[in-house]
Amino acid sequence: MKVLHLIRHAKSSWDNPDWADIKRPLNPRGLESCQIMAPEIARYCDFPEVFCSPAVRAQSTLQGFKEVLPELSDWTTDEALYTFSSWDLLEWCRQLDESLEQVTVVGHNPALTDLCNEVGDQPIDNIPTCGYVKLQTVCSQWRELSAGSAKVAAFLYPKKFR
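The shown structure was predicted, so the numbers you read here are calculated from the model rather than taken from an experiment.

### Quick word on the side chain of Ser13
With respect to the element layout, Ser13 can be found in the loop between β1 (3-8) and α1 (28-41). Polar contacts involving the side chain of Ser13 include one to the main-chain amide nitrogen of Asp15, which spans 3.1 Å. If we skip the residues at most four places from it in the chain, Ser13 touches Trp19, Arg24, Pro25, Leu26 and Asn27.

Pasting the structure below:
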């Protein structure tokens, strides 16, 4: 059974309209959310095989987690995860190495929420910034990931812990 851990990047800054979307950093609330959420997520996820969008806000989310969880190892940055399309994200997941049993993805909405709703067993209106979803699949291979093939085993978000 494959397990997919999904984390939406923490709240980003819109202070400078000249920043390209991929370059936007975290704002103070986003940095605080990382401190709050890292230990809560660690109750469900030991951060196996972490893959992250190249966006500054996604990378900074993992850096913020690492401040609280020094055991968090390095991660792989994958350009393909800078996507807002659930279809692209699903195809990316289906191409994962079959030797990986659990994968953590740090990325963006609406791709994450839409993916959860496509493969999960219960609807999620929105994965908020710095939110986390654990999807336990019935799949023995990543390429089997499809509609209804996963159970939402955990759904955490900062407002639950503030």
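Read on for the rest.
### Concerning the packing of α1 against helix α2 (residues 56-68)
One way to put it is that α1 packs onto α2 with a least axis distance of 8 Å and a crossing angle of 70°. Here α1 is positioned roughly perpendicular relative to α2, judged by the angle of their axes. Between α1 and α2 the crossing geometry is right-handed. Contacts from Cys34, Gln35, Met37, Ala38, Pro39 and Ile41 in α1 reach Ser60, Thr61, Gly64, Phe65, Glu67 and Val68 in α2.

### Looking at the nonpolar core
Counting residues in hydrophobic clusters, the biggest one holds 26 residues, and the most contacted among them are Leu4, Trp92, Val103 and Leu135. Among the secondary structure elements, those contributing two or more residues to this core are β1, α3 (86-94), β4 (102-107), α4 (111-119), β5 (132-137) and β6 (150-156). Per-element accounting of this core gives the leading share, five residues, to α4. Those residues in contact with Leu135 that sit more than four places away from it in its chain are Lys2, Val3, Leu4, Leu6, Cys116, Val119, Gly120, Ala150, Lys151 and Val152.

### With respect to the pattern of salt bridges
Under the defined criterion, the tally for this structure stands at seven salt bridges. The salt bridge partner of Glu40 is Arg43, with a shortest N-O separation of 2.9 Å. Shared partners join several salt bridges into a network, and the residues in it are Lys2, Glu98 and Glu101.

### Topic: the pairing of β1
Of all six residues making up β1, six are buried, and the element is well covered by its neighbours. By the alternation rule, side chains of β1 split into Val3, His5 and Ile7 and Leu4, Leu6 and Arg8, which are all buried. Pairing geometry for β1 and β4, over six bridges, is parallel. Following the sheet pairing, Leu6 is matched in β4 by Val105. Here β1 runs beside β5; their pairing, made up of five bridges, is antiparallel. In the strand pairing of β5, His5 is matched with Lys134.

### Considerations on α1
Given a rise of 1.5 Å per residue, 14 residues ought to cover 20 Å, and the 20 Å separating the end C-alpha atoms of α1 matches this to within 8%. For α1, the principal kink sits at Gln35 and spans about 25°; a proline, Pro39, occurs within the next four residues. Taken residue by residue, α1 has Gly30, Ser33, Cys34, Met37, Ala38, Glu40 and Ile41 as its buried positions. Lining the buried residues of α1 we find β1, α2, β5 and β6. N-capping of α1 is provided by Asn27, with a side-chain oxygen placed 3.0 Å from the backbone N of Arg29.

What counts and what doesn't
Residues numbered from 1 in each chain as written. Predicted model: local features only at pLDDT ≥ 70, side-chain atom pairs only at ≥ 80, totals over all residues. Heavy atoms only, no water. Helix = DSSP H or I, 4+ residues; strand = E, 2+ residues; numbered from the N terminus. Polar contact = N/O pair within 3.5 Å; in protein donor to acceptor, adjacent residues only side chain to side chain. Contact = heavy atoms within 4.5 Å. Axes fitted to C-alpha atoms, helices over the stretch in contact; angles between N-to-C directions. Parallel < 35°, antiparallel > 145°, perpendicular 65-115°, else oblique. Left-handed = near helix turned anticlockwise from the far one by under 90°. Core = buried A, V, L, I, M, F, W, Y, C linked by side-chain atoms within 4.5 Å. Buried < 20%, exposed > 50% of the residue type's maximum accessible area, 1.4 Å probe, protein only. Salt bridge = Lys/Arg side-chain N within 4 Å of Asp/Glu carboxyl O. Pairing = 2+ DSSP bridges. Expected span 1.5 Å × (residues − 1). Bend = angle between axes of the 7 residues up to and from the residue.

From the geometry alone we can't say anything about function, so treat these as descriptive.
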